[in-house]
6 protein chains.
Amino acid sequence: MRTAIYPGTFDPVTNGHLDVLFRASHIFDNIIIAVAESEEKHPLFALAERLQLIQENIAQGQNVQVASFRGLLIDYAKKMGASAIVRGLRAVSDFEFEFQMTQMNRHLDDDLETIFLMPKQDYFFTSSSLIKQVARFQGKIDSLVPANVERALDRKFGHKG
Amino acid sequence: MRTAIYPGTFDPVTNGHLDVLFRASHIFDNIIIAVAESEEKHPLFALAERLQLIQENIAQGQNVQVASFRGLLIDYAKKMGASAIVRGLRAVSDFEFEFQMTQMNRHLDDDLETIFLMPKQDYFFTSSSLIKQVARFQGKIDSLVPANVERALDRKFGHKG
Amino acid sequence: MRTAIYPGTFDPVTNGHLDVLFRASHIFDNIIIAVAESEEKHPLFALAERLQLIQENIAQGQNVQVASFRGLLIDYAKKMGASAIVRGLRAVSDFEFEFQMTQMNRHLDDDLETIFLMPKQDYFFTSSSLIKQVARFQGKIDSLVPANVERALDRKFGHKG
Amino acid sequence: MRTAIYPGTFDPVTNGHLDVLFRASHIFDNIIIAVAESEEKHPLFALAERLQLIQENIAQGQNVQVASFRGLLIDYAKKMGASAIVRGLRAVSDFEFEFQMTQMNRHLDDDLETIFLMPKQDYFFTSSSLIKQVARFQGKIDSLVPANVERALDRKFGHKG
Amino acid sequence: MRTAIYPGTFDPVTNGHLDVLFRASHIFDNIIIAVAESEEKHPLFALAERLQLIQENIAQGQNVQVASFRGLLIDYAKKMGASAIVRGLRAVSDFEFEFQMTQMNRHLDDDLETIFLMPKQDYFFTSSSLIKQVARFQGKIDSLVPANVERALDRKFGHKG
Amino acid sequence: MRTAIYPGTFDPVTNGHLDVLFRASHIFDNIIIAVAESEEKHPLFALAERLQLIQENIAQGQNVQVASFRGLLIDYAKKMGASAIVRGLRAVSDFEFEFQMTQMNRHLDDDLETIFLMPKQDYFFTSSSLIKQVARFQGKIDSLVPANVERALDRKFGHKG
């Protein structure tokens, strides 16, 4: 059985993330979407909130588990028996950062492969940080995030949903 | 009458910004140079200072107004009756960020167009942040910013002009 | 009256080109879509065909004229009284080429401005050359080009429409 | 059973290609390395030679088949029952081209996923065309291509092996 | 005698830095590796530590001096009689930043040349910040930094060496 | 004595090339500007013409020799006793190609270093091929190439100088 890990901060999860997750779930037998604690980034949503916002978008019976991790990704992957890391690629700047991370992860563990998927082009301009900027001022984000994330952003910024 | 908005933080305005503004003023009937408050960026110059440093470089009778805004740019553009946003493009990294913002702004308001202009190549290496770094240590910036900005930077960093 | 020129080879015109043209027609009073002869590129469609495929997509009363040119674009722009060149920007590689052309055109005529527009993201992956490759093997291109171009490609490659 | 296609011209196959193939063979149950005829590129090696140079590097019992195809990749993938395309990514320029191809292939067949793998960094500077340039003048290419390709290049350029 | 300056924060020095330094020392008569104080970046290692970690990797008799500086690099270069700045180039994002700095430094002092060297590809994925992230969680960094830096990182993060 | 080689096709030499050459001549004791025959590129100017157009721009007593070469650059460099290759860097696309060439040349000869210089920003938009396009239609190129190249282009394209 081939297990892959899809890691990130997911602060919050977007439709772009869910699109990459969905595509990856057709390639691997099992996907672990692994939420990094990332306290040093001062996330808007607490780890427990980020996990729940993802969990609510996973259909029952889907080959996806939601989990959190801290420390080195390769250590977590080994513990979970994963053979691959999944990453979304949208832009040239993503590409260079991802290249550096991939080479470092291979240096640390040569048996763990990294594969890249491109999200649907409708989501090429979405990122969690841009969505938070727009949501803060009540811009429409309904087609860019799932419904529960839209409501959570409204609550967080004190708008009534 | 076609109105365009040229938004930015302008901390402080440079000759590169003024070059883009001048080029845009030949394409549109009216340009609003819109200074974002950007408190979260901890600007060196207060909003009022940034507005004044620009205003002093606008000739009387020019089709340019100086204003400030906060919140979503598309909301401000609608309020002002603008049909376009003007942005300067200098580098590949600009390009990717601008692409993302443009697609997001179209998502929010499909009637507002974004147009890009390239500054004169003499200004390709100027940016407000690099100019502040150089001015702090009394490097020569005289051909990169207007005279009032040069004096304002001298005062801010405690150099005698 | 502000006139802009939208130049290209248009072998053949795509929905991406028409999208840029449409956006530009809201910014300028008059647009000349100027088809370069480009014999050295051995185009699939003759100049007259390329002109006609565009013309059939211009609504009556629209502020767009279809024309051909050879020689330097800046000479043609001057002859036509245009004050701006319009270009579409899709990718980083576009950006670098366009930057070089823009600086050269400014060197040749500093009064002629170049403005860039981004096509709708649905058309980011279309290019005339990729469309020709796909059409050659009867791949579906119906949402990427106008109907008359689809029929013309079918005839050119000997498929029955 | 998950089958993926690794397409290319492979004129000739390099250690970089074999590295990507090897990585992909750990992710999918079955890989078809599919050599495009590419007559319009005037390849140095005939299709039969290119196929043989690859075949000689596939170990018996490996989950890899060598085949050729012409026409649209998505049609070939459907015929072979493949659910994914595998591509190597080395550079920003690769990235932009691959992005365009991926979006076009999704347009043509939304069920066929494209995944990207990065070759080992030792092979980041190798490409079939650069290797041919070097081999023509008897530069050392021994660690960049398998031994049978080195001999084939020697024969092709009239050097004694 | 030609002197060049190789500036940076070096928090801490990596094998990639030492590779660039070594290459530069074959081109110039004398190299000054100049450590910027960079207090505003909140470095992990104090200036004195960063200087010592470098010094311990400079062989006796090598044409390299280790020094620190603050203020404008061009002022420091002039004071030291240097005719060139040396910089490593790894990625497209490096390139754009370096281009901007080079043009600014030429603006400030046209007699000071900037030259770029590419590190060995084994070090393309190393950066001081990525190494610190990995070392924090006891990932293996032994081939990416010199031995004294590995020990210093262990002490800093409270691991026993 | 340190000798460097500045290789290229130089069809024809531009002020951008001469600017890089001039900068390199301050770093090395001796520069060989090495013109590649490049018959496969069908150059506009014959090798002898390209050599002469450069030679006429080298001042007597300058530490620059003009020569031609064919075959692998590293073989030529070894024959001439050069320790470095000099290359100009203008754009991201240059960067990726140069990276690949540099790594290949290191693979072939690890003792030969490649250094990169950025031309003056006035020449960032010039390239031999763009200049030929403009000169063909009598666009002004006088500040982009030396006077003898301007005259040679006029003669080549049948314009009277």
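Numbering of residues starts from 1 in every chain and runs along the sequence as written. Going through the entries in the order they are written, you letter the chains from A and number the ligands from 1. Residues qualify for local features only when their pLDDT is at least 70, as the model is predicted, and side-chain atom pairs are given and counted only at 80 or more; totals for whole chains, interfaces and linings, by contrast, use all residues. To get the side-chain values, all heavy atoms of the structure are used, and hydrogens and water are removed first.

S.K.: Can you tell me about the overall build of chain A, naming the residues and giving the values?
M.R.: By definition, any uninterrupted DSSP run of H or I lasting at least four residues is a helix, any uninterrupted run of E lasting at least two residues is a strand, and each is numbered from the N terminus. Of the regular secondary structure elements, chain A holds six helices and five strands. In chain A, the succession of helices and strands from N to C terminus is β-α-β-α-β-α-β-α-β-α-α. The atom set for the radius of gyration is the C-alpha atoms, and the globule formula is 2.2 Å times the number of residues raised to the power 0.38. A compact globule built from 161 residues would reach a C-alpha radius of gyration of about 15 Å, and chain A, at 16 Å, matches this within 12%. Each principal axis of the C-alpha atoms in chain A carries an extent, and together these give about 50 × 35 × 30 Å. Across chain A, contacts joining residues at least 24 apart in sequence account for 74% of those joining residues at least 6 apart. Pairs of residues are marked as contacts when any of their non-hydrogen atoms sit within 4.5 Å.

S.K.: Tell me what's going on with the relation of the copies chain A and chain B, and back it up with residues and numbers.
M.R.: The fit set for superposing copies consists of C-alpha atoms from residues with pLDDT of at least 70 in both; the fit itself is least squares. When chain A is fitted onto chain B, the two copies agree to an RMSD of 0.0 Å after a turn of 120° and an axial shift of 0.0 Å. What the superposition gives is, in effect, a three-fold axis relating one chain to the other.

S.K.: Provide a residue-level description of the relation of the copies chain D and chain A, including the pertinent values.
M.R.: Aligned on chain A, chain D shows an RMSD of 0.0 Å; the corresponding rotation is 180° and the shift along the axis is 0.0 Å. The superposition of one copy onto the other is thereby described by a two-fold rotation axis. Across chain D, the smallest distance between a C-alpha and the rotation axis is recorded for Phe 116 of chain D, namely 2.4 Å. Of the interface residues in chain D, 100% have counterparts in chain A that sit at the interface too, so the contact is made through matching surfaces.

S.K.: Could you give an account of unusual backbone geometry, naming the residues involved and the relevant values?
M.R.: Backbone torsion omega between Asp 11 of chain B and Pro 12 of chain B reads 0°, so that peptide bond is classified as cis. Even without a glycine there, the phi angle at Phe 10 of chain D is positive, about 50°. Within the fold, Phe 10 of chain D resides in the loop between strand 1 (3–8) and helix 1 (15–25). Between buried and exposed lies partly exposed: a residue is buried under 20% and exposed over 50% of the maximum accessible area for its type, with that area taken using a 1.4 Å probe on protein chains only. Relative accessible area serves as the criterion here: at 4%, Phe 10 of chain D is assigned to the buried category.

S.K.: If you had to explain the confidence of the model for chain A to someone new, which residues and values would you point to?
M.R.: Values of pLDDT, the confidence the predictor places in each residue, fall between 0 and 100. With 98% of its residues at a pLDDT of 70 or more, chain A has an overall mean of 92. Model confidence for the complex is summarised by a pTM of 0.93, with the ipTM given as 0.91.

S.K.: Kindly report on the side chain of Thr 14 of chain D, identifying the contributing residues and their values.
M.R.: Here Thr 14 of chain D is to be found in the loop between strand 1 and helix 1. Look past the residues within four positions of Thr 14 of chain D in its chain and what remains in contact with it is Thr 126, Ser 127, Ser 128, Ile 131, Leu 144, Val 145 and Pro 146 of chain D.

S.K.: For the pattern of salt bridges, give the residues involved together with the corresponding values.
M.R.: When a carboxyl oxygen of Asp or Glu lies within 4 Å of a side-chain nitrogen of Lys or Arg, that pair is called a salt bridge. Evaluated as defined, the whole model comprises 60 salt bridges over all chains. With a closest N to O distance of 2.6 Å, Arg 87 of chain E and Glu 98 of chain E form a salt bridge. Of this pair, Arg 87 of chain E sits in strand 4 (residues 84–88) while Glu 98 of chain E sits in helix 4 (residues 92–108), and the two are eleven residues apart along the sequence. Residue classification places Arg 87 of chain E among the partly exposed residues on the basis of a relative accessible area of 21%. Via salt bridges that share partners, Asp 19 and Arg 23 of chain A together with Arg 106 and Glu 113 of chain D belong to a single interconnected network.

S.K.: So what's going on with empty space enclosed by the protein? Residues and values would help.
M.R.: Method remark: on a 1 Å grid restricted to protein atoms, a set of points is classed as a cavity if a 1.4 Å probe fits but cannot get out and as a pocket if it is open with protein on both sides within 12 Å along at least five of seven lines; lining residues have an atom within 4 Å of a point. Grid points are joined across faces, edges and corners, and a volume is the space filled by probe spheres set on the points. Evaluation of the coordinates by the stated rule reveals one cavity of 30 Å³ or more. Residues belonging to the lining of the largest cavity are distributed by class as follows: four nonpolar, two polar and no charged. The residue classification treats Ala, Val, Leu, Ile, Met, Phe, Trp, Tyr, Cys and Pro as nonpolar and Asp, Glu, Lys and Arg as charged. All others, Gly included, are polar.

S.K.: Before we move on, can you summarise the packing of aromatic side chains with the specific residues and values?
M.R.: Only centres within 6.5 Å qualify two rings of Phe, Tyr or Trp (six-membered ring in Trp) as a pair; their planes then separate them into stacked at under 30 degrees, edge-to-face at over 60, and tilted for everything else. Summed over the entire model, instances satisfying the criterion amount to 16 aromatic pairs over all chains. Ring centres 5.3 Å apart and planes at 25° place the aromatic pair Phe 69 of chain D and Tyr 76 of chain D in the stacked group. Taken as a pair, Phe 69 of chain D and Tyr 76 of chain D share a single burial class, namely buried. An angle of 40° between the planes, with centres 4.8 Å apart, marks the rings of Phe 124 of chain E and Phe 99 of chain F as tilted. With one member in each of two chains, Phe 124 of chain E in the loop between strand 5 (113–117) and helix 5 (128–136) and Phe 99 of chain F in helix 4 (residues 92–108) form a pair that bridges those chains. Here Phe 124 of chain E falls in the buried class, since its relative accessible area comes to 6%. Look at Phe 99 of chain F and you get buried, because its relative accessible area is 13%.

S.K.: Go over the pairing of strand 5 (residues 113–117) of chain A, please, and point to the residues and values.
M.R.: Residue and element names in this part refer to chain A. By the criterion of burial, strand 5 is predominantly enclosed, with five of the five residues buried. Side chains Glu 113, Ile 115 and Leu 117 project from strand 5 onto one buried face, and the interleaved Thr 114 and Phe 116 project onto a second face that is buried too. Of the strand pairs in this sheet, strand 4 (residues 84–88) and strand 5 are connected by five bridges, and their pairing is parallel. Paired with Ala 84 across the two strands is Glu 113, which belongs to strand 5. Two strands make a pair as long as DSSP finds a minimum of two bridges between them.

S.K.: I'd like a description of the interface of chain A and chain B, backed by residues and values.
M.R.: Each partner contributes to the interface: chain A provides 18 residues, whereas chain B provides eleven residues. Defined here as a combined quantity, buried area equals the accessible surface (1.4 Å probe) lost by two parts on assembly, summed across both. Of the roughly 1,200 Å² buried between chain A and chain B, counting both surfaces, carbon and sulfur atoms make up 71%. In terms of surface lost to chain B, no three residues of chain A exceed Phe 125, Phe 137 and Lys 140 of chain A, which account for 47% of the buried area on that side. The interface formed by chain A and chain B holds zero salt bridges in total. Definition of a polar contact: a pair of N or O atoms within 3.5 Å, with one able to donate and the other able to accept a hydrogen when the atoms are protein atoms, and with sequence-neighbouring residues admitted only if both atoms are side-chain atoms. Applying the counting rule to chain A against chain B returns two residue pairs in polar contact (both at pLDDT 80 or more). The dominant element in the side of chain A that touches chain B, judged by the number of residues it contributes, is helix 5 (residues 128–136) of chain A, at four residues.

S.K.: So what about helix 3 (residues 73–80) of chain F? Which residues, and what values?
M.R.: Residue and element names in this part refer to chain F. For helix 3, every residue scored as buried is listed here: Leu 73, Ile 74, Tyr 76 and Ala 77. Seen along its axis, helix 3 keeps its buried residues to an arc of 160°; they face one direction. Opposite the buried face of helix 3, at more than 90 degrees from it, the exposed residues are Lys 78 and Lys 79. Relevant arc is that of directions from the helix axis to the C-beta atoms, nothing else.

S.K.: Could you give an account of the environment of Arg 106 of chain F, naming the residues involved and the relevant values?
M.R.: Among the structural elements, Arg 106 of chain F can be located in helix 4. Here Arg 106 of chain F falls in the buried class, since its relative accessible area comes to 7%. Considering only alpha carbons, one finds Arg 106 of chain F and Ile 74 of chain F, 32 residues apart in sequence, at a separation of 9.1 Å. What Arg 106 of chain F contacts, discounting residues up to four positions off in sequence, is Arg 23, Met 118, Pro 119 and Lys 120 of chain E together with Glu 113 of chain F.

S.K.: Got a sec to walk through the interface of chain D and chain A? Specific residues and values, please.
M.R.: Counting residues at the interface gives 27 residues for chain D and 27 residues for chain A. Surface buried jointly by chain D and chain A totals about 2,400 Å² across both partners, of which 61% is contributed by carbon and sulfur atoms. Together, Arg 2, Phe 95 and Met 118 of chain D form the three largest contributors to the area buried by chain D at its contact with chain A, with a combined 28%. At the junction of chain D and chain A, the tally comes to four salt bridges. For Arg 2 of chain D, the salt bridge goes to Asp 29 of chain A, with nearest N and O atoms at 3.1 Å. Applying the counting criterion to the chain D and chain A interface returns 13 residue pairs in polar contact (both at pLDDT 80 or more). Elements supplying a minimum of two residues to the side of chain D that touches chain A: helix 4 (92–108) and strand 5 (113–117) of chain D. Residue contributions to the side of chain D that touches chain A peak at eight residues, all from helix 4 of chain D.

S.K.: Could you give me a rundown of the pairing of strand 1 (residues 3–8) of chain A, with the residues and numbers involved?
M.R.: Residues and elements named next belong to chain A. Counting buried positions along strand 1 yields six of six residues, so the element is predominantly enclosed. In this sheet, strand 2 (residues 30–36) lies alongside strand 1 in parallel orientation, the contact comprising six bridges. From the neighbouring strand, Ile 5 faces strand 2, where its bridge partner is Ile 32. Here a crossover is taken to be right-handed if, once the strands point away from the viewer, the path from the first strand over the helix to the second is traced clockwise. Once you follow strand 1 into helix 1 (residues 15–25) and on to strand 2, the crossover reads as right-handed. When strand 1 meets strand 4, the two strands line up parallel, connected through two bridges.

S.K.: Mind laying out the packing of helix 2 (residues 47–55) of chain A against helix 6 (residues 147–156) of chain A, listing which residues take part and the relevant values?
M.R.: Residue and element names in this part refer to chain A. Every axis corresponds to a line fitted to the C-alpha atoms, with the helix fit spanning only the stretch in contact, and the corresponding angles, defined between N-to-C directions, vary from 0 to 180 degrees. Two elements in contact, helix 2 and helix 6, have axes whose closest approach is 9 Å; the angle formed by their N-to-C orientations is 150°. Taken as axis vectors, helix 2 and helix 6 run roughly antiparallel relative to one another. Here Glu 49, Gln 52 and Leu 53 of helix 2 come into contact with helix 6, specifically with Asn 148, Val 149, Ala 152 and Lys 156. Looking at side-chain class alone, the contact of helix 2 with helix 6 contains three nonpolar, two polar and two charged residues. Angles are sorted into four bins: roughly parallel if under 35 degrees, roughly antiparallel if over 145, roughly perpendicular if 65 to 115, and oblique for all others.

S.K.: Can you explain the side chain of Thr 9 of chain C? Please cite residues and give values.
M.R.: With respect to the helices and strands, the residue Thr 9 of chain C is situated in the loop between strand 1 (3–8) and helix 1 (15–25). In this structure Thr 9 of chain C comes out as buried when scored by relative accessible area, which is 16%.

S.K.: Now, about the environment of His 159 of chain B: what can you tell me, with residues and values included?
M.R.: Residue and element names in this part refer to chain B. Note on placement: His 159 falls in the segment after helix 6 (147–156). Residue class for His 159 comes out buried when judged on its relative accessible area of 14%. Once the C-alpha coordinates of His 159 and Ala 135 are considered, the two residues, 24 residues apart in sequence, prove to be 9.5 Å apart. With near-sequence residues (within four places) excluded, His 159 lies in contact with Ala 135, Arg 136, Gln 138 and Asp 154.

S.K.: Before we move on, can you summarise helix 6 (residues 147–156) of chain D with the specific residues and values?
M.R.: Residue and element names in this part refer to chain D. Every buried residue of helix 6 is listed here: Asn 148, Val 149, Ala 152, Leu 153 and Asp 154. Looking at the buried side of helix 6, the elements it contacts are helix 2 (47–55) and helix 5 (128–136). Just downstream of helix 6, Gly 158 is the residue with a positive phi angle, here 75°.

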